[in-house]
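Topology and contacts: notes
Each chain is listed here by its residues.
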Amino acid sequence: MTQREQVWITGIGLVSSLGEGIEEHGQKLHGEVSPMPIIDSQRFAPYAVHPLVELDFAKQIPRTSDQRQMERWQRIGVYAAGLALTDAGVSQDQKLLDRTDLCIAAGNGERDLALDARILAGIGAADQPGAYLNRELAAGLRPTLYLGQLSNLLAGNISIIHKATGSSRTFKGEEMAGVSAVENAVKRIEGGQGELFLVGGALNAERDDLLLGCELAQGLYCGPCRSVWQRRDRGGGFVLGSVGAFLVLEAESHARHRGAMPYARIARILSDRSRRRSGDAAATAARLFGALKLGPENGKIGVLSGASGVEPAAGEELQFLASLRRHGFDLIVRAWGSVLGHSLEAHFFAGLALAALAVSKEAFYPPFDTSEVESADETRPDRILVTTFGHWRGEGLGLVRSVW
Amino acid sequence: MRSQDVESACLDHKGRPVVAVTGMGVVTSLGVGKSHNWTKLVGGQSGIKRITRFPTEGLKTTIAGTVDQVDVKPYSAFDLSAAIAEAAAAEAISEARIGSGSSFPGRLIVATPPSELEWPHLRRLHDADPQRDLGGYARLLANARTGEFADMARHVRFAGIADRLQERFGTQGEPLSICTACASGATTIQLGLEAIRRGEMDAALCIGTDATVHPEGLIRFSLLSALSTANDPPHKASKPFSKKRDGFVIAEGAGALVLESYAAARARGATVLGIVRGCGEKADEYHRTRSKPDGTAIIGAIHKTLADAGIAPETIDYINAHGTSTPENDKMEYLSLKAVLGDHLRRTPISSNKSMVGHTLIAAGSVEAVFSLLTIQTGVLPPTINYDEPDPELPLDVVPNVSRAARVETVVSNSFGFGGQNVCVIFSGEPA
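Residues numbered from 1 in each chain as written. Chains lettered and ligands numbered in written order. Predicted model: local features only at pLDDT ≥ 70, side-chain atom pairs only at ≥ 80, totals over all residues.

Before going further, it helps to spend a moment on the interface of chain B and chain A. Often, the extent of an interface is quoted as the loss of accessible area on bringing the components together. The interface is formed by 62 residues belonging to chain B together with 65 residues belonging to chain A. Elements with a minimum of two residues in the side of chain B that touches chain A: helix H4 (119–127), helix H5 (136–144), helix H6 (153–156), helix H7 (160–169), strand S6 (176–178), helix H8 (184–197) and helix H9 (215–223) of chain B. Tallied by class, residues from the side of chain B that touches chain A come to 29 nonpolar, 15 polar and 18 charged. Inspection of the sheet shows strand S4 (residues 167–172) of chain A paired to S6 of chain B by two bridges, in the antiparallel sense. Counterpart to Lys-172 of chain A in the pairing with S6 of chain B is Ser-177 of chain B. (Contact = placed C-beta atoms within 7 Å. Helix = DSSP H or I, 4+ residues; strand = E, 2+ residues; numbered from the N terminus. Nonpolar A, V, L, I, M, F, W, Y, C, P; charged D, E, K, R; others polar. Pairing = 2+ DSSP bridges.)

Shown next as structure tokens:
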């Protein structure tokens, strides 16, 4: 049996409300105090969102005809994917792109809100509502809108724009879609079924139809924005943020062969799906953590928490972290959702990106909020646990470590 | 078999675990279950009919292959997709006799249609409080905030169907919800195959399901000029590889396969229905809905599949075509197969199940996998019906109009989807 390949992170593409590119995120997040979150409380009131920094999409998507055929979530994703490929030194290498495998996490794209509103306003008074709906949709829907909505068309657009065409798989299921996509890539690299992967996801949080879905799923936080942990006593809920987060994952031997430098390596990705009776999610995460076989004696562990702020998931995560501390683990916890907002399918990738950056810079992050969960600590952990407690279901853990 | 023969039969040409199919289930517009479906399919019957689920006034296409035999009222894409996925999975698990009724010893990998609110949901939300001085999404959001519509959450949860199936069948671990457009069903098989080869699990439950024949579901494909408008008579509309083909017929269905390592299947004495010999995929960067004109992506997918399976093109006995009946797909499928199989293509029968069950979209790769394996099992090639006027540009033996007996050892099943998705799977019978 050949030795298992290590999984290296050799490229990162991150865009969010804070900025563009992993370097800019590093500059803003590695200060003595965390940056003020960028929040728009007006446009979608009573909901707050973290709006995407202004991007010149033409830098990654030169043709306006391509931009026109994408909805904003796809443009965000294609942009971040381009940053990751460039960062990894893959973007100009047609031979590498031809065998780059895609593992993408995605939801659906945006609807035509104006058309929906017009139909809803008119259909009640129509003599024949069915015929009215058919007529309005057939005449009103942009013919290519569906291509902006289909889950796998983020991957499809990445293939078209960046020519990454090895294979292409899209995973669904909000936060866990990100975990599943990375897990699939990691296992295929470790199992010798692939060497070079582009993984990632994108969320356009600035859309009413997305907010509607989240509200129906009883996930949204209403009112002035507070950090992830400080929403707990107000019933919890998430505050969404626009994010595009992509990573280039590579087999160690492949990266060494082409001289690519790693940020860090992904040591393990683990996931499960409990039924979420009280205590289920905490117990499941604890069981997954056990499989990582980490010892408390080897120093502090950085925890980048993907907590969404939704209850009871956030409470379950705190129970899980408390149980680790009871077993002697010294943890430094940071929930990046407090500064970037929650980004559903993109969220786990963003956490992995921040973990990889921290490991490579040998610098963890200052507290992202002022609650007692995140206390100041100057330690620079060389192993970072990235957590995901799905706002509804699903538990995932990722372990990012230094390569050296 | 001697023990060392058994051992070598359990590993493939690359020393990986051989993966068997030990259970199958299917639901289409032809009916529920393999027996109903297969009898009608080899009888050349069509499941395509006039749409009665909703008014079709003003639509260019008024026909579909809806699943009407499963009682889900009121219709919603989530509820019907979930119900037929359950039916197909129950049939597959029961045939495989694997696990206990409530605990399947492997992972669930399910391909599902878009998760979205449909018009009845939007209208219900909109009309909930007509006094409100708000319009459009502001009003929908205000009504949603009342918390009275939490029952609609299932429609917008992207892993909602997976979650329901996991609860029903007790599959292990986090289920995977997949979308690779019209290649999705094949992707679930590929993911299962790879996981068993890696030794992560001995079994996987692979399902594709799609029940999205609703007004917007139909209109959005119509606006992409993908659908046949030959509404009359409905059963003649889907005519893959024929000269006058003018689009696919949207349809519903679900297919389920229990994949198992051959070693584990043999050890528990399971009946082996077939072997998943290999899978391959290649993404296309040419266009959102069209293949590269030189077919290199599809050709790449077929080559990768043959290499993965470790077989030569000449050993292919039959091709279960993607065969959507769109002018573009059938031409590109022919050209690509011709490039790989060469003269062997003329001697290789190829038929399209979609001529009878329509295009079941997300589910197509799963449904057609079941039919591919039934072809091997029964030695009967299902026909391509409505092949009244061959396209002279596509000289193929499409098993025209009437099924045919043939000994089939190895089948290629093709699945291609929007977004440059190309996946092929090769199945064969159990090694002697």
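A separate point is H4 of chain B. When H4 of chain B is considered as a whole, its buried residues turn out to be Trp-119, Leu-122, Leu-125 and His-126 of chain B. Viewed end-on, H4 of chain B has its buried residues packed into an arc of 130°, placing them on one side of the element. (Buried ≥ 20, exposed ≤ 12 C-beta atoms within 10 Å, placed from the backbone. Arc of directions from axis to C-beta.)

Residue and element names in this part refer to chain B. In terms of domains, chain B is made up of domain 1 (3–115 + 157–428) and domain 2 (119–154). Inter-centroid distance (C-alpha atoms) of domain 1 to domain 2 is 38 Å. Opposite the six residues of domain 1 that make contact, domain 2 presents four residues. (Domains from an automatic or database assignment.)

Here we come to the packing of helix H3 (residues 77–96) of chain B against H7 of chain B. Residues and elements named next belong to chain B. One way to put it is that H3 packs onto H7 with a least axis distance of 10 Å and a crossing angle of 35°. In the crossing of H3 with H7, the sense of the turn from one axis to the other is right-handed. On the side of H3, the interface is formed by Phe-78, Ser-81, Ala-82, Ala-85, Glu-86, Ala-89 and Ile-93, while H7 contributes Gly-160, Ile-161, Arg-164, Leu-165, Arg-168 and Phe-169. A class-by-class count of the residues in the contact of H3 with H7 yields eight nonpolar, two polar and three charged. (Axes fitted to C-alpha atoms, helices over the stretch in contact; angles between N-to-C directions. Left-handed = near helix turned anticlockwise from the far one by under 90°.)

This paragraph deals with the domain arrangement of chain A. All names here are of chain A. Split by domain assignment, chain A resolves into domain 1 (7–112 + 144–258) and domain 2 (267–401). Between the C-alpha centres of domain 1 and domain 2 the distance comes to 20 Å. On the domain 2 side, the residues contacting the 60 residues of domain 1 number 45 residues. Of all elements in the fold, only strand S1 (7–15), helix H1 (22–29), strand S2 (49–50), helix H9 (174–190), strand S5 (196–203), strand S6 (240–241) and strand S7 (243–251) reach the threshold of two or more residues within the side of domain 1 that touches domain 2. At 10 residues, the largest contribution of residues to the side of domain 1 that touches domain 2 is made by H9. Counted by class, the side of domain 1 that touches domain 2 contains 32 nonpolar, 22 polar and six charged residues.

All names here are of chain B. With seven of eight residues buried, strand S14 (residues 410–417) lies mostly within the body of the structure. Pairing of S14 with strand S15 (residues 421–428) involves eight bridges; the strand directions are antiparallel. Considered in S15, the bridge of Thr-410 is made with Ser-428. Counting the residues that bridge the hairpin from S14 to S15 gives three residues, and of these Gly-419 lies at a positive phi of roughly 85°.

Let us now look at the pairing of strand S9 (residues 274–281) of chain B. All names here are of chain B. In terms of burial, S9 is largely enclosed, as eight of its eight residues are buried. Pairing of strand S1 (residues 19–28) with S9 involves three bridges; the strand directions are antiparallel. Bridge pairing in S9 links Val-19 to Val-276. Sheet topology places S9 next to S15; six bridges connect them, and they run antiparallel. Residue pairing across strands places Glu-281 opposite Val-423, the latter belonging to S15.

The omega torsion across Lys-73 of chain B and Pro-74 of chain B is -5°, close enough to zero to call that bond cis. Relative to the helices and strands, Pro-74 of chain B is located in the loop between strand S4 (63–64) and H3. Here the amide bond leading from Asp-232 of chain B into Pro-233 of chain B is cis, since omega sits at -10°, within 30 degrees of zero. Here Lys-163 of chain A, not a glycine, exhibits a phi torsion of approximately 65°, which is positive. For Lys-163 of chain A, the position within the fold is in the loop between helix H8 (153–162) and S4. Owing to 18 C-beta atoms within 10 Å, Lys-163 of chain A belongs among the partly exposed residues under this scheme. The phi angle at Gln-218 of chain A is positive, at roughly 60°, despite the residue not being glycine. Following the sequence through the fold, Gln-218 of chain A ends up in the loop between helix H10 (208–216) and S6. Judged by C-beta crowding, with 19 C-beta atoms within 10 Å, Gln-218 of chain A ranks as partly exposed.

With that settled, the discussion passes to the environment of His-50 of chain A. Residues and elements named next belong to chain A. Mapped onto the secondary structure, His-50 falls in strand S2. Judged by local crowding, His-50 falls into the buried class, with 26 C-beta atoms found within 10 Å. Aside from chain neighbours lying at most four places away, what touches His-50 is Ser-17, Pro-37, Ile-38, Ile-39, Ala-205, Gly-241, Ser-242, Leu-340 and Gly-341.

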